[in-house]
Amino acid sequence: MTSPTLSFSELALAPSLTQAVAEMGYETMTPIQAQAIPVVLTGQDVMGAAQTGTGKTAAFSLPLLQRLMRHENSSASPARHPVRALVLLPTRELADQVAQQIAQYAKHTKLRSTVVFGGMDMKPQTAELKKGVEVLVATPGRLLDHIEAKNAVLHQVEYVVLDEADRMLDIGFLPDLQRILSYLPKERTTLLFSATFSPEIKRLASSYLQNPVTIEVARANATASTVEQRFYAAHDDDKRRTICHVLQERGIRQAFIFSNSKLGCARLSRALERDGYRAAALHGDKSQDERLKALEAFKQGEVDLLVCTDVAARGLDIKDVPAVFNYDVPFNAEDYVHRIGRTGRAGASGLAVTLVAPSDSRLVADIEKLIKTRITVETLAMPSARARQRSDAGGESPRSERPSGHQEARNGASHFASSRPVRGARPVRAAPADPFFDRPYEASASEAPPTWESKPAPGSTLRQIKAKRKVPALFKPAGSV
DNA sequence: AAAAAAC
């Protein structure tokens with residue numbers, strides 16, 4: 001498992017490519033790059049698994065461009081620029097991001113590239129396609145539109161890349177994907193990359209590959225060791241408060257917050273804005289314009305909390321995001337790995353906090369199994385709902401829970417103070433006494449755990465609920481992953 | 001249980 005080369009300059013890449021890489025500030029290769037680039041240069045099919053945030057895009061696009069350059073041509077004629085490489089991604093934002101990276105890598109070559117995805121006007125995309133591109137980056141639906149409109153001709157495609165391959169092969173995408181593949185020559189190179197591969201998807205994937213080389217840098221489904229993972233017990237009513245508490249405690253300004261639903265995402269974003277945070281929502285019911293704006297505002301540091309669905313779970317590469325919160329435990333364990341991969345990128349440290357409601361035990365157990373790491377759900381020491389109630393009655397503003405000093409913008413000025421007038425104290429809804437969360441949950445391994453229902457019935461006791469147990473013990477008083 | 005991807 002030694003890497004033959006570690007520096008880009010030692011690779012057999014064209015000067016135009018190494019120059020672009022150098023200009024982007026990269027010198028040494030990551031492990032996935034060191035292993036994948038030489039293989040992709042041979043033109044073999046590849047199934048690649050690597051942790052998120054380790055440079056997968058460069059790992060396939062640099063050697064791909066190198067291969068394409070063998071018959072590079074400078075003709076202006078579209079006919080001389082047939083689509084030769086197709087890169088497919090599961091979300092529009094990701095397509096946009098990967099396309100921008102590829103354009104950067106290719107900027108000193110004669111190769112042309114463009115991107116097509118839904119939610120945007122067809123016409124400019126059509127115009128670009130008609131000019132002729134060697135590299136086409138796309139999401140499936142819009143690509144099919146262009147194929148059927150004869151804007152994109154794919155019968156000369158030599159390379160197909162499925163990024164986030166396990167998602168592209170899942171049931172929601174598979175029909176579109178199969179249709180797209182039916183337009184491509186059988187004789188071609190296929191590259192699959194993802195941070196996660198379930199056994200079923202791995203089997204399915206291999207049916208699309210010919211004698212593939214498997215590259216597995218870290219174990220598939222592994223989470224980055226630089227990310228501190230925490231699981232905190234929280235009822236739905238307490239989740240927002242818990243997030244605010246952790247943000248303050250840790251002095252964290254920016255974070256992704258994942259919700260399992262578009263509605264929940266919209267609501268949470270609005271609630272956080274009411275709390276005084278600079279939050280924005282990113283989900284599939286927003287217009288593409290709003291989606292791109294929200295993402296850009298977050299990148300620029302104009303928005304601190306990006307509240308999103310799993311549309312943002314995969315691949316998005318934003319520097320220096322210190323934390324990810326799972327407001328909801330993801331339905332698929334794989335999505336957990338992708339979500340928390342938004343932080344701790346490129347060797348940086350990160351914090352991932354997952355809020356675990358009583359009914360989430362099964363999902364947490366799935367994650368534990370997938371990442372092969374023991375998970376302990378902690379009860380976070382926070383001022384209890386009752387204490388909060390008392391202090392509110394005493395006239396203290398609920399906004400005192402908001403983060404304060406660390407909210408200075410990176411640039412220095414406090415955009416918080418300037419952009420938002422401080423509002424008066426608002427009444428906080430009194431939380432009912434809660435048998436689980438007003439004291440630490442105590443369970444021992446020998447003791448049967450409760451079936452965690454979303455809300456204990458009024459007057460129910462821990463003992464009564466325990467009697468209805470179904471799932472294995474997960475909840476322990478303290479500790480970490 | 002949901003989300004994503006085309007109009």
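Residues numbered from 1 in each chain as written. Chains lettered and ligands numbered in written order. Predicted model: local features only at pLDDT ≥ 70, side-chain atom pairs only at ≥ 80, totals over all residues. Heavy atoms only, no water.

1. Describing the protein's contact with DNA strand B
Next up, step 1: Arg142, Asp145, Lys262, Gly284 and Arg291 are the nearest of the 23 residues found near DNA strand B.
Next up, step 2: Backbone atoms, meaning sugar and phosphate, make up 69% of the atoms of DNA strand B lying within 4 Å of the protein.
Next up, step 3: Separating a phosphate oxygen of DNA strand B from a backbone N or O atom of glycine 284 is a distance of 2.3 Å.
Next up, step 4: In this structure, threonine 309 approaches DNA strand B through a side-chain N or O atom, which is 3.0 Å from a phosphate oxygen.
Next up, step 5: With three residues, the top contributor of residues to the surface near DNA strand B is helix H6 (residues 140–148).
Next up, step 6: A class-by-class count of the residues in the surface near DNA strand B yields six nonpolar, 12 polar and five charged. (Near = heavy atom within 4 Å. Polar contact = N/O pair within 3.5 Å; in protein donor to acceptor, adjacent residues only side chain to side chain. Helix = DSSP H or I, 4+ residues; strand = E, 2+ residues; numbered from the N terminus. Nonpolar A, V, L, I, M, F, W, Y, C, P; charged D, E, K, R; others polar.)

2. Considering the domain arrangement of chain A
Next up, step 1: By the assigned domains, chain A splits into domain 1 (8–216) and domain 2 (227–403 + 433–466).
Next up, step 2: Counting residues at the interface gives 19 residues for domain 1 and 18 residues for domain 2.
Next up, step 3: For the domain 1 and domain 2 pair, buried surface summed over both sides reaches about 1,600 Å², with 51% attributable to carbon and sulfur atoms.
Next up, step 4: Counting across the interface, domain 1 meets domain 2 through four salt bridges.
Next up, step 5: Between aspartate 335 and arginine 167 there is a salt bridge; the shortest N-O distance is 3.0 Å.
Next up, step 6: Counting across the interface, domain 1 meets domain 2 through nine residue pairs in polar contact (both at pLDDT 80 or more).
Next up, step 7: For the side of domain 1 that touches domain 2, the secondary structure elements donating two or more residues are helix H4 (92–105) and helix H7 (165–168).
Next up, step 8: By residue number, the principal contributor to the side of domain 1 that touches domain 2 is H4, which donates five residues.
Next up, step 9: Residues that form the side of domain 1 that touches domain 2 fall into these classes: four nonpolar, nine polar and six charged. (Domains from an automatic or database assignment. Contact = heavy atoms within 4.5 Å. Buried area = accessible area lost by both parts, 1.4 Å probe. Salt bridge = Lys/Arg side-chain N within 4 Å of Asp/Glu carboxyl O.)

3. A word on the UniProt feature "short sequence motif: Q motif" (unreviewed entry) in chain A
Next up, step 1: According to UniProt, the positions carrying the feature "short sequence motif: Q motif" (unreviewed entry) are residues 6–34.
Next up, step 2: Its end C-alpha atoms 6 Å apart, residues 6–34 is made of 45% helix and 0% strand. (UniProt positions renumbered as here; feature names shortened; annotations may be inferred.)

4. Focus on the environment of arginine 167
Next up, step 1: On the secondary structure map, arginine 167 appears in helix H7.
Next up, step 2: Arginine 167 sits in the buried class, given a relative accessible area of 18%.
Next up, step 3: When residues no more than four places from it in sequence are discounted, the contact partners of arginine 167 are Pro90, Phe173, Arg314 and Asp335.
Next up, step 4: At 2.7 Å, the side chain of arginine 167 forms a polar contact with the side chain of aspartate 170. (Buried < 20%, exposed > 50% of the residue type's maximum accessible area, 1.4 Å probe, protein only.)

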